[in-house]
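Observations on chain architecture
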Amino acid sequence: MRSKHQILTLFLAILLLLNLGCFASPRKSIRSRRPCKEMVFYFHDIIYNGKNFKNATATIVGAPAWGNHTILANNNHFGNVVVFDDPITLDNNLHSPPVGRAQGFYIYDKKEIFTAWLGFSFVFNSTAHKGSINFAGADPLMNKTRDISVIGGTGDFFMTRGVATIMTDSFEGEVYFRLRVDIKLYECW
Amino acid sequence: MRSKHQILTLFLAILLLLNLGCFASPRKSIRSRRPCKEMVFYFHDIIYNGKNFKNATATIVGAPAWGNHTILANNNHFGNVVVFDDPITLDNNLHSPPVGRAQGFYIYDKKEIFTAWLGFSFVFNSTAHKGSINFAGADPLMNKTRDISVIGGTGDFFMTRGVATIMTDSFEGEVYFRLRVDIKLYECW
Amino acid sequence: MRSKHQILTLFLAILLLLNLGCFASPRKSIRSRRPCKEMVFYFHDIIYNGKNFKNATATIVGAPAWGNHTILANNNHFGNVVVFDDPITLDNNLHSPPVGRAQGFYIYDKKEIFTAWLGFSFVFNSTAHKGSINFAGADPLMNKTRDISVIGGTGDFFMTRGVATIMTDSFEGEVYFRLRVDIKLYECW
């Protein structure tokens, strides 16, 4: 009988500790760095250069005093603002059927090297995905990989948060850029 | 006595399961899709057109190579950047007493149809609300309703997150737009 | 024996209540308004004015119809878009060794008084911090202190959220601005 009581006491002590653990700073202890959803996409940016209107998916809309709106400016494009509506594909082929559009803007924000700031959304309206994922963050584009924030989502991606890793998969001159995005969502509702 | 022990054992088992449930992926199981706060507002956007400076609440600040800063550009305004400081009202009357200001920018981001990207804040400083709500997301404005993300807040809206549904409530030509915003907050601190 | 049972029953009741508390709207009850991390930084904005290219860290890239890209526009700079890559320092000395860069943009968004909207990142790559913190929000810059949202982070600041309080620490004419930022993070993973 004595040992039974000891076991019970031990069991209750464990339950109590579990409870305290549940209350004490749960924001730190509970969270998992294992994504609740992972996805990989490519998107394709074709900047308007005065001659490619039909194919262009992006256009310069802001420039420094020394720039214009048809050619990216000197000094590492510092001050250029580009608006885009790029097709999203599942593989790295520009001509694959798009599964959505990447829409938003980027700003070249440094004189000395190429680096940018991004604000954009992935907008899906297919059988696979409906809804949007919103992104923001710094894109030091000379780095092989760059992390930006998933700041929210709607529809299938209701209230999501996470981190997206961007890689420049390919580029041709200063007109075509292809980006690979590895999305890891850590909050899924 | 035996049945008393059985009841106790069952009770302890339930407590244990509750504890495990509390730890196992709480991010998914605990969250409620019932908003912790709901609000409806209207805001009123009057774009500067070269003649209406006194009434204007918004102005074109970026344009594609084929555009300018007093008239929204051809090709569905693709590339126009508009900055705004719009009055927020509780009903759809432009002349109702404003309860705050909607401040930020939108970018028309597609050649083929009207669609935009929004980054803005609701700034309140009244007896009803003090603080700000920050928004970002894609606005495919030909759709009857569009969902964007509430990405944060300050003051009364400290650390909030949620989803806002935008509807074009009315417009006159390309100068006046009235938007209705249904805000649903799912994280309230 | 009786009192022992009473104590046990009381203990189990407490455990049950703790469990229920853990499940019932944890989003409201658990969250702490005590920051999990606090940091203070300064950043230094030197706007290009046509003559200071070497020292400039920011440049005008958007303007209203009545403005240009070398001087901030009339009407409280309404409609000016400025892109920046500003050094971050630990104290208020522009010449202190930078610990990172503040990169992004601000938009003057009101005719009647100075007020702005900010979207930017703190980008760290030092022994002290690696990673980025992303910010967005309204900056009514005539107020002594202004709160904006920390909308996400990467690296050392993985998935963080919080509130940053901005103060104009100093300014010289319309070329140099020094901002103090008190960052309070309430979600630390």
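Residues numbered from 1 in each chain as written. Chains lettered and ligands numbered in written order. Predicted model: local features only at pLDDT ≥ 70, side-chain atom pairs only at ≥ 80, totals over all residues. Heavy atoms only, no water.

A few words on empty space enclosed by the protein. Inspection of the entire model under this criterion finds three cavities of 30 Å³ or more. Considering only enclosed or pocket space, the second largest cavity measures out at about 110 Å³ in volume. Counted by class, the lining of the second largest cavity contains twelve nonpolar, three polar and no charged residues. (1 Å grid on protein atoms, 1.4 Å probe; cavity = no way out; pocket = protein on both sides within 12 Å on 5 of 7 lines; lining within 4 Å. Points joined across faces, edges and corners; volume = space filled by probe spheres on them. Nonpolar A, V, L, I, M, F, W, Y, C, P; charged D, E, K, R; others polar.)

All names here are of chain B. Taken as a whole and assessed by the stated rule, the structure comprises three disulfides over all chains. Disulfide partner of Cys36: Cys188, at an S-S distance of 2.0 Å. Note on the Cys36 and Cys188 pair: the S-S dihedral is about 85 degrees, so by sign convention the disulfide is right-handed. Of this pair, Cys36 sits in the loop between helix 2 (26-29) and strand 1 (37-46) while Cys188 sits in the segment after strand 9 (176-187), and the two are 152 residues apart along the sequence. Taking relative accessible area as the criterion, Cys36 reaches 26% and is therefore assigned partly exposed. Residue classification places Cys188 among the buried positions, given a relative accessible area of 15%. (Disulfide = S-S within 2.5 Å. Helix = DSSP H or I, 4+ residues; strand = E, 2+ residues; numbered from the N terminus. Buried < 20%, exposed > 50% of the residue type's maximum accessible area, 1.4 Å probe, protein only.)

Glancing now at unusual backbone geometry. Peptide bonds are trans in most cases, and residues, glycine excluded, mostly fall at negative phi. At A:His77, a position not held by glycine, the phi torsion is positive, near 65 degrees. Inspection of the secondary structure puts A:His77 in the loop between strand 2 (58-62) and strand 3 (81-89). Backbone geometry places C:Asn76, a non-glycine residue, at a positive phi of 55 degrees. Secondary-structure assignment places C:Asn76 in the loop between strand 2 (58-62) and strand 3 (81-89).

Turning our eyes to something else, we now look at the pattern of salt bridges. Tallying each qualifying case throughout the model produces 24 salt bridges over all chains. For A:Arg161, the salt bridge identified is with C:Glu187, shortest N-O distance 3.7 Å. Note that A:Arg161 is positioned in strand 8 (residues 161-172) and C:Glu187 in strand 9 (residues 176-187), a pairing that runs across two chains. Owing to a relative accessible area of 1%, A:Arg161 belongs among the buried residues under this scheme. (Salt bridge = Lys/Arg side-chain N within 4 Å of Asp/Glu carboxyl O.)

Attention now goes to the packing of aromatic side chains. Here the structure, examined in full by the defined rule, presents 75 aromatic pairs over all chains. The interplanar angle of 75 degrees and the centroid separation of 6.3 Å between the aromatic rings of B:Trp189 and C:Tyr186 together place this pair among those described as edge-to-face. Pair noted here: B:Trp189 is in the segment after strand 9 and C:Tyr186 is in strand 9, and the two residues belong to different chains. Here C:Phe43 and C:Phe84 contribute two aromatic rings whose centre-to-centre distance is 6.0 Å and whose plane-to-plane angle is 15 degrees, an arrangement assigned as stacked. You can see C:Phe43 sitting in strand 1 (residues 37-46) and its partner C:Phe84 sitting in strand 3, a full 41 residues away along the chain. For the pair C:Phe43 and C:Phe84, one class covers both residues: buried. (Phe/Tyr/Trp six-rings, centres within 6.5 Å; stacked < 30°, edge-to-face > 60°.)

Residue and element names in this part refer to chain C. Counting buried positions along strand 6 (residues 130-139) yields nine of ten residues, so the element is predominantly enclosed. Bridging between strand 5 (residues 116-125) and strand 6 involves ten bridges; their strand directions are antiparallel. When the bridges of strand 6 are listed, Gly119 appears paired with Ala136. Here strand 5 folds back onto strand 6 in antiparallel fashion, the turn holding four residues. Taken together, strand 6 and the strand that follows it, strand 7 (residues 146-155), pair antiparallel across an intervening segment of six residues. (Pairing = 2+ DSSP bridges.)

A few words now on the confidence of the model for chain A. Segments scoring low in pLDDT should not have their predicted coordinates read at a detailed level. Taken residue by residue, chain A gives an average pLDDT of 90. The fraction at 70 or more is 87%. Low pLDDT, under 50, characterises residues 22-29 of chain A; the predicted model gives this stretch 20 contacts beyond four residues in sequence or across chains. (pLDDT = per-residue confidence, 0-100. Contact = heavy atoms within 4.5 Å.)

Relative to the helices and strands, C:Arg31 is located in the loop between helix 2 (26-29) and strand 1. Sequence-wise, C:Arg31 and C:Ala65 are 34 residues apart; in three dimensions their C-alpha atoms are separated by 47 Å.

So, on to the side chain of A:Asp45. All names here are of chain A. Mapped onto the secondary structure, Asp45 falls in strand 1 (residues 37-46). Within the structure, Asp45 has its side chain in polar contact with the side chain of Tyr106 (distance 2.5 Å). Those residues within four positions of Asp45 in sequence are excluded, and the remaining contacts are Thr57, Ala58, Phe84, Asp86, Tyr106, Val175, Tyr176 and Phe177. (Polar contact = N/O pair within 3.5 Å; in protein donor to acceptor, adjacent residues only side chain to side chain.)

Time to look at the pairing of strand 2 of chain A. All names here are of chain A. Most of strand 2 sits out of view: five of its five residues are buried. Examined bridge by bridge, strand 2 and strand 3 share four bridges and lie antiparallel to one another. Each bridged residue has a counterpart across the sheet, and for Ala58 the counterpart in strand 3 is Phe84.

Residues and elements named next belong to chain A. In terms of nonpolar packing, the biggest core is built from 31 residues, with Phe43, Phe122, Ile133, Phe135 and Ile183 touching the most fellow members. By residue number, the principal contributor to this core is strand 9 (residues 176-187), which donates five residues. Those residues in contact with Phe122 that sit more than four places away from it in its chain are Phe41, Phe43, Ile88, Arg101, Ala102, Gly131, Ser132, Ile133, Phe135, Val181 and Ile183. (Core = buried A, V, L, I, M, F, W, Y, C linked by side-chain atoms within 4.5 Å.)

Moving on to the side chain of B:Ser121. Tracing the sequence through the fold places B:Ser121 in strand 5 (residues 116-125). Judged by relative accessible area, B:Ser121 falls into the buried class, the value being 0%. For B:Ser121, the side chain forms a polar contact with the side chain of B:Asn134, separated by 2.6 Å. When sequence neighbours within four positions are dropped, the list of residues in contact with B:Ser121 reads B:Arg101, B:Ala102, B:Gln103, B:Ile133, B:Asn134, B:Phe135, C:Trp117, C:Gly137 and C:Ala138.

Considering the arrangement of structural elements, one finds C:Ala56 in the loop between strand 1 and strand 2. You can call C:Ala56 buried: its relative accessible area is 5%. Between the C-alpha atoms of C:Ala56 and C:Tyr176, which are 120 residues apart in sequence, the distance is 9.2 Å. Residues contacting C:Ala56, with those up to four places away along its chain left out, are A:Lys111, C:Ile46, C:Ile47 and C:Tyr48.

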